[in-house]
Amino acid sequence: MPKPAEVTSPSDREVRVTRRFNAPRQLVWDAHTKPELVARWQGYDGWDMPVCDMDVRVGGKYRWQWKNREDGTQFGFFGTFSEVDAPSRLTHAQYFDPGNLGGDMPVDEPCIVSLELNERDGVTTLVCNLAFASKEARDGAVSTGMTDGMEYSYTRLDDLCARKAA
Amino acid sequence: MNTSDRLDLTFAALADPTRRAILARLATGSASVQELAEPFAMSQPAISKHLKVLERAGLVSVDVDAQRRPRRLEPKRLQEAEDWIERYREIFEQNYQRLDALLDELKARPVKAKRRK
């Protein structure tokens, strides 16, 4: 099992996540850019991802939406790709779609998400930088219902892991 | 001051190697400005300036009653910053563990990835 993700805050508007994967860069890239693969891992336990549309090219748009399996609550993200340099760099402007979940994230200002992948000896290092429009947005992103949704679902995380292992 | 403003001060204070080294030193016990200045190639006023930033962020406090006014680490603010980071980390890590599983599956199946029914 790779080491857990490292998170730093390089400025009061940014969050940077670093994580290693025991896989070649091309596979990590595919898992981030092919909608049928993205839908398999990106999300929250207890939430389905009924919408995962991605047109991965410069100027292409994407839309992700999650729906709570129990109460039907929905929220998502959408945006536009500004940099697509396979298999190493992917940048997009991301907007929060609060659906009927709500939350503290501003809906009119994008977060610039940039992904950088580097491979060495079969291990891919991913650096994901989130540049928010303001420090309020940066702080709001974790205090929003999104994290409540996760906590809500933690209770079933063990079940899910057991099922996956089986 | 709200949590967000406090976090700004905390992260700004932590964004400097000398100040992090001062905190690491204080984690082993309180120390005077003079003692703190010793391991660094810095004047006492320069160290005092760094200490002011750390004090404003609530990361370090001064024992004004004691002789030589020793500085002490205040772990609460560090904990607050760590909790905030941890919430971000959990969101990503949960996703990335699912991604690990998917990548293992893709590696085992070198042909073009297809959605599993």
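Refer to the preceding data block for the structure.
The structure presented is a predicted model; accordingly, all values stated were derived computationally and were not measured.

Asker: Quick question: what am I supposed to make of the overall build of chain A here?
Answerer: The helix and strand tally for chain A stands at five helices and eight strands. Going residue by residue from the N terminus, the α and β elements of chain A occur as β-β-α-α-β-β-β-β-β-β-α-α-α. Counting all 166 residues of chain A, 30% fall into the buried class. When contacts within chain A are restricted to residue pairs at least 6 apart in sequence, those whose partners lie at least 24 apart make up 43%.

Asker: Quick question: what am I supposed to make of the pairing of strand β7 (residues 111–120) of chain A here?
Answerer: Within a regular strand, the side chains alternate between the two sheet faces. All names here are of chain A. Pairing geometry for strand β6 (residues 89–97) and β7, over six bridges, is antiparallel. Among the inter-strand pairings, Ala93 is bridged to a residue of β7, identified as Ile112. Relative to strand β8 (residues 123–131), β7 runs antiparallel, the two sharing nine bridges. Paired with Ile112 across the bridge in β8 is Ala131. Hairpin geometry of β7 and β8 is characterised by an intervening segment of two residues between the two adjacent antiparallel strands and by a positive phi of about 50 degrees at Asp121.

Asker: Got a minute to help me understand the interface of chain A and chain B in this structure?
Answerer: Where interface size is given, it is often the accessible area lost as the parts come together that is meant. Across the boundary between the two partners, chain A contributes 28 residues, which contact 25 residues of chain B. Elements represented by at least two residues in the side of chain A that touches chain B include exactly β2 (14–21), α1 (25–33), α2 (35–41), α3 (135–143) and α4 (145–154) of chain A. A breakdown of the residues in the side of chain A that touches chain B according to their chemical character gives 15 nonpolar, three polar and ten charged.

Asker: For this particular structure, what's the right way to read the packing of helix α1 (residues 3–14) of chain B against helix α5 (residues 75–108) of chain B?
Answerer: Angle between the axes and distance between the axes: these two values describe a pair of packed helices. All names here are of chain B. The contact between α1 and α5 brings their axes to 10 Å, and the two run at 100 degrees. Comparing the axis directions of α1 and α5 gives the class roughly perpendicular. Contacts between α1 and α5 involve Arg6, Leu7, Thr10 and Phe11 from the first element and Arg77, Glu80, Ala81 and Trp84 from the second. Residues that form the contact of α1 with α5 fall into these classes: four nonpolar, one polar and three charged.

Asker: What exactly am I supposed to notice about unusual backbone geometry here?
Answerer: With the exception of glycine, most residues fall at negative phi, and the peptide bonds are largely trans. Between A:Ala86 and A:Pro87 the backbone carries a cis peptide bond, its omega angle lying at -5 degrees. Mapped onto the secondary structure, A:Pro87 falls in the loop between β5 (74–85) and β6. Even without a glycine there, the phi angle at A:Asp121 is positive, about 50 degrees. Checked against the element boundaries, A:Asp121 lands in the loop between β7 and β8. According to the C-beta neighbour criterion, A:Asp121 is exposed, with 4 such atoms within 10 Å. In the Ramachandran plot, B:Arg69 falls in the positive-phi region, its phi being about 40 degrees despite a non-glycine side chain. With respect to the secondary-structure elements, B:Arg69 resides in the loop between β1 (60–62) and β2 (71–73).

Asker: What am I meant to see in the nonpolar core here?
Answerer: Nonpolar side chains tend to gather and get buried jointly when the protein is soluble and globular. Ranked by internal contacts, the top residues of the largest apolar core, which has 33 residues, are A:Val28, A:Ala31 and B:Leu103. Going through the elements one at a time, β2, α1, α2, β4 (61–68), β7, β8 and α3 of chain A together with α5 of chain B are the ones with two or more residues in this core. At eight residues, the largest contribution of residues to this core is made by α5(B). For A:Ala31, the contacting residues outside a window of four places in its chain are A:Leu37, A:Val38, A:Trp41, B:Leu99, B:Leu102 and B:Leu103. Listed in part, the 13 residues of the second largest apolar core include B:Leu54, B:Leu59, B:Val60 and B:Leu73.

Asker: Sorry if this is basic, but what is going on with the packing of helix α2 (residues 17–26) of chain B against helix α4 (residues 44–56) of chain B here?
Answerer: Residues and elements named next belong to chain B. Orientation of α2 relative to α4, taken along the N-to-C sense of each, is 75 degrees, at an axis distance of 10 Å. For the element pair α2 / α4, the angle class is roughly perpendicular. Facing α2, whose interface residues are Thr18, Arg19, Ile22 and Leu23, α4 presents His50, Leu51, Val53 and Leu54.

Asker: Looking at this model, I keep getting lost on α1(A). Mind explaining?
Answerer: In an α-helix, one full turn covers 3.6 residues, which means residues spaced three or four apart are oriented alike. Burial runs high along α1(A): seven of the nine residues are buried. Considered for burial, the residues of α1(A) that qualify are A:Arg25, A:Leu27, A:Val28, A:Trp29, A:Asp30, A:Ala31 and A:His32. Of the surrounding elements, those touching the buried residues of α1(A) are β2, α2, β6, β7 and β8 of chain A together with α5 of chain B.

Rules behind the numbers
- Residues numbered from 1 in each chain as written.
- Chains lettered and ligands numbered in written order.
- Predicted model: local features only at pLDDT ≥ 70, side-chain atom pairs only at ≥ 80, totals over all residues.
- Helix = DSSP H or I, 4+ residues; strand = E, 2+ residues; numbered from the N terminus.
- Buried ≥ 20, exposed ≤ 12 C-beta atoms within 10 Å, placed from the backbone.
- Contact = placed C-beta atoms within 7 Å.
- Pairing = 2+ DSSP bridges.
- Nonpolar A, V, L, I, M, F, W, Y, C, P; charged D, E, K, R; others polar.
- Axes fitted to C-alpha atoms, helices over the stretch in contact; angles between N-to-C directions.
- Parallel < 35°, antiparallel > 145°, perpendicular 65-115°, else oblique.
- Core = buried A, V, L, I, M, F, W, Y, C linked by C-beta atoms within 7 Å.

Honestly, it's all geometry; don't read function into it.
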